[in-house]
Each structure stands twice: as C-alpha cells, then as structure tokens.
Amino acid sequence: MSDWPDDQAGGRGYGRGSGNPRPDGARVMRHVQRGRPSQPAGPPPGGVPQQSGYDESHGAGGPYGDARDDVFEPRTPNQREYGQGYDSGYNTGQVYGGAQGGQGGGGGRPPRAPRPAPNWRRRIKIGSITVVSVLLVTTVATYFWADGKLKREVDLSKVIERPDGGDGTNYLIVGSDSREGMSDEEKKKLHTGSADGKRTDSMMILHVADDGGNTMISLPRDSNVTIPSFKGAESGKFYPNQGRQTKLNAAYAEDGPELLVRTVEYNTGLRIDHYAEIGFGGFAEIVDAVGGVEMDIPEGFKDKKSGADFEAGKQTLNGEEALAFVRTRYALKGSDLDRTKNQQKFLAALANQAATPGTVMNPFKLYPTMSAGLDTLIVDKDMDLMDVASMFWAMKGVTGGDGKSMNMPLAGTAGGNLLWDKAKVKQLVEQLNNDEKVTVSGD
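Computed from a predicted model, the values in this text were never measured in an experiment. (Residues numbered from 1 in each chain as written. Predicted model: local features only at pLDDT ≥ 70, side-chain atom pairs only at ≥ 80, totals over all residues. Heavy atoms only, no water.)

Glancing now at the overall build of the chain. Helix and strand content of the chain: 11 helices and 17 strands. For the chain, with 443 residues in total, the buried portion stands at 40%. At a minimum sequence separation of 6, the contacts of the chain that also span at least 24 residues come to 64%. Within the structure as shown, the chain displays about 25,500 Å² of accessible surface, and the carbon and sulfur contribution to it stands at 51%. (Helix = DSSP H or I, 4+ residues; strand = E, 2+ residues; numbered from the N terminus. Buried < 20%, exposed > 50% of the residue type's maximum accessible area, 1.4 Å probe, protein only. Contact = heavy atoms within 4.5 Å. Areas by Shrake-Rupley, 256 points an atom, 1.4 Å probe, with all protein chains shown as cover.)

Okay, the side chain of Asn214 next. Residue placement: Asn214 occurs in the loop between strand E3 (200–208) and strand E4 (215–218). You can call Asn214 buried: its relative accessible area is 12%. There is a polar contact of 3.0 Å between the side chain of Asn214 and the backbone nitrogen of Ala209. What Asn214 contacts, discounting residues up to four positions off in sequence, is His207, Val208, Ala209, Ala394, Val398, Gly403 and Lys404. (Polar contact = N/O pair within 3.5 Å; in protein donor to acceptor, adjacent residues only side chain to side chain.)

Reading across from one edge, E1-E14-E9-E2-E3-E4-E15 is the order of the seven strands in this open sheet, with mixed pairing throughout. Edge positions in the open sheet fall to strand E1 (151–154) and strand E15 (404–407), since each of these has one partner strand only. If you compare each strand with its neighbour and ignore which way they point, the axes differ by 25° on average. Note: strand E9 (residues 274–278) against strand E14 (residues 377–380), three bridges, orientation antiparallel. The residue of E14 that forms the bridge with Ile278 is Leu377. (Pairing = 2+ DSSP bridges. Axes fitted to C-alpha atoms, helices over the stretch in contact; angles between N-to-C directions.)

If you check UniProt for "transmembrane region" (unreviewed entry), the listed places come out as residues 126–146 in our numbering. Secondary structure across residues 126–146 comprises 100% helix and 0% strand; the distance between its end C-alpha atoms is 30 Å. (UniProt positions renumbered as here; feature names shortened; annotations may be inferred.)

Encoded structure:
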C-alpha cells in the first residue's frame, strides 16, 4: 500500500486510494538549492515527513537546507506546510564569528577601532604623584615613629638662676656610663663593671650658630668646678651654695642632669638650651648598626680597665672596640685630655659613616641605626626630633672640619683636677653668645 498523497490539483494521485502505477511530477514550486537536485515534495498532511540523513558536509541535505548556500527561493504555502524547504528560523544572511572587516553578506561585526597611542605624559604624571605620595607617607610615618622613641626625661625648668641666652643654640651632650638595660654578660663583654648609679664619661658643649659657624667644646670630666646653689630635681629641696670645689662629673652623680646643667651654666655663664645623653649600650649598638667605624690610630695602646687593645694603623672598630677606644684614659699620656681628643675624632668618623648614602638610603641599616640611637637617647622635655637632627648635622660638620673643635681653655691643675682659664672662658662665651668666630684656643 502506498503512502504517497493524492494529487490535489487534478484528482489523480499515487499511493493511498490511487490506481496509478507511479506518481505524476510534482506540481508545487521546487525549493531551489544551488549545486543540488531539488528535493521531492513533502509527505501528505498527517503523514510523517521524510527525514534527511546526516551529511559530513555539515548541513548538506539536512533539515536546515544546504549550508553551502544561504539563499533560498520563495516558498509556497504548501511547501511551508509540508516542510519542503524547511525554515530554520535563523537569519542565514548573517555571518557569525567572522573576521572583523570581512565580507559576510553585510551582517558581520563592525571593525574594531585601533588602540590609541599610550599617553606617556599622563602615565609619568600619575607615576610621579604616586612616588611622591609614598615618600611623603613614609617620611611622616618615620618622623612620628622616631619622635615617639625619644625619652624626654630631663626638665630644664627645674634649673634655677639661669644666665641670659645669646644667639644660636647650645647643646650639652653627655656620654654616661649608664648600664641600664644591660645584662651581666653585656657588662662583662663591654668592660663596664657593675657599679650602681650613673656617671658621666664625656661632656661636650655644641654651639650651633645661626650663621653656620658651629663650635664643639669638650669638658674634661676632671675639671675643677664649684657646685652652686640648686634645687633638687626629685625632692625640690633647695641646697645653698657652700663653695664646694669638686670634679665636674660629681655634679651629675649627685643630682643628675639638672644639677650638671646648673653647674656648667654657673661656671661658664653660657646658657644651655638642650640636653642630650646616651649610655654605653646605645653607643655600642649604633656602631654595630652602621657596620663598624674605620679609624686610623697613630699609636697602639692597651688598657685593662676599658678593654682596649689596639695596634697602630687603619682598622674598623665594632661596638665593643669603639666603646673601649673612647673610654680609655689611663693608657694615654695626656689622660683625660687625650681621651677627649679621641672622643672627638671617633665622633667625626661615626657621624660620617652614619650619614653615608649606604646608610641613609638603605632602610635595613638606617632604621636599626636610628632605633639603636633613639632607644637610649635621653633628652630634655622641650627637645624634638628636628632639634636632634640639627644637633647631629652640626656635630658631623664640626668633627668633619666644618667648624671649630677644642677643649675648654685650661690654666693648670690643682689636686689632680684641671683648672679652667677663667679669662679665656669668659671671652669664649662672649664670642659664642654673639655668634662670632671663635678665636680662643683650648688645649
């Protein structure tokens, strides 16, 4: 039995209910596909449409028409109804995924505009602003970090009967033998002993002139001075002037920094604006933080008390060796006077080493150096980080030859103590107060 549909146009058919041995030619409009014979008419209404086989050419003869030709001839309603020339619903005139700018029947994406040239001026500007911002934030953070480390423990407002100030700024710089925070092993290693309390091993007046003419004056610890009237820093009790003559470092041992400042001002007539003190441990740590300090020692010497054992010539001193170098006096011919000269010489080398680009530009050396110095640095309550920086750069300049470095003028000795030359001291103070060039010479 045939399933072919009847001929709807002429009443003759082939298949179901038809006696014709073969069908007439299809009378509907053919679906024209280039390069292929036309497809036979679709199945009758209600019948099963003929299924096309899959072709390896992806779409040839398939239900969506010939993939090699996306142009179709118009279809009659019968063709649409029975499936001949099946309409897939896709706009076959558009090319998907085609190359930009290609000819895809006019349906491709528009060509992408070329990338603009980099705006290097804008990039450099943004980069510069970023770098400056980072440096600014780092600088501000470092400032507050360092400023917070300062130990403002000395109250100069407790010093009584102070002389008038002059031009410039005067710092009293003290190296103490404080063993605070040091372990027994460190005391043994640094040959500091375990004495209670604090004494001064070195004292210097640094005058920072407004016009840049800076002067550093070493005050020998064995200087003979008068302890004046003073008010106790802790007790507040008033002690009248009894005319006591003693060594300068005894004032520090008796009532601390405030009495030392009072004694220096009384015996010189020079007003002290700021006070700075560093102990043994901090000094050694600074030297180690900068990687050691090179020194040229003209003559070798040994000293059991300080632990010094040096040969003549150039050598790099670590913290332990540096501390022994600046403390030694018994092995030196000039005793305390020669020691002050060694201290000034070493400070010059240390300041130059700390200010080199290798230290300043290297955060792995800069921050440990700053931390080592600030952790043990004791200053007066009115001293800020800018004052510390000014003191350091002035000290570096003086010890490096930009300024004058000297001892306090001496007139001889009395009972093993060094006597100051009062006339020269008065002239020296006048020149400092007036920011004049210092012409007074010291030993």
